[in-house]
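# Topology and contacts: notes
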Amino acid sequence: MREPDDTVFHGWLRPGPRPPGGVVPGDGETLDYLAGHYKIFQYQRGHRYSVDDALTAFYGSSCAPRVERALDLGSGIGSVALFVAWRLPGAQIVTLEAQERSLALAKKSVRYNGLEERFTLLRGDLRD
């Protein structure tokens, strides 16, 4: 029997290098594809990324396709920032999130995808 090939989905080849992984979902968490081989940790019950996140990242990275640094204020679980990192492989990403719970998932996703050198994840309230 042939091993399943996670690089092909319905005849489409997933772009980009495979993430190093090594991090597993905790209780009440899922690990889902985001873009290419990038995956994101999400809570089964709670905020999950949506088309809005993908469109926001697509629009922003299309309007500024050659930035060296990108900032995501109110980054939540990191979906917009991860999309931007995928679209702009040379950019450094800084995020700011007030909720520790969401920030913990973002950190986990960044670690899973091997992006620690490109990301600075900060906890704080943008009003401060």
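Read on for a plain summary of the structure. (Residues numbered from 1 in each chain as written. Predicted model: local features only at pLDDT ≥ 70, side-chain atom pairs only at ≥ 80, totals over all residues. Heavy atoms only, no water.)

Attention now moves to a nonpolar patch on the surface. Together, L71, L73 and L126 make up a nonpolar patch on the protein surface, roughly 320 Å² of accessible area in all. By secondary structure assignment, the location of L73 is in strand β5 (residues 69-73). (Patch = residues over 30% accessible without salt bridge, like charges linked within 9 Å, V, L, I, M, F, W, Y side chains within 5 Å. Areas by Shrake-Rupley, 256 points an atom, 1.4 Å probe, with all protein chains shown as cover. Salt bridge = Lys/Arg side-chain N within 4 Å of Asp/Glu carboxyl O. Helix = DSSP H or I, 4+ residues; strand = E, 2+ residues; numbered from the N terminus.)

The next subject is the sheet that holds strand β6 (residues 92-97). One open sheet accounts for 3 strands, arranged β5-β6-β7; its pairing is parallel. Looking at strand neighbours, the two that pair on one side only are β5 and β7 (119-123), the edges of this open sheet. Across this sheet, the average inter-strand angle for adjacent strands is 15°, counted without regard to direction. Of the pairings in the sheet, the one linking β6 to β7 comprises 5 bridges and is parallel in character. Residue pairing for β7: V94 is matched across the bridge by T120. (Pairing = 2+ DSSP bridges. Axes fitted to C-alpha atoms, helices over the stretch in contact; angles between N-to-C directions.)

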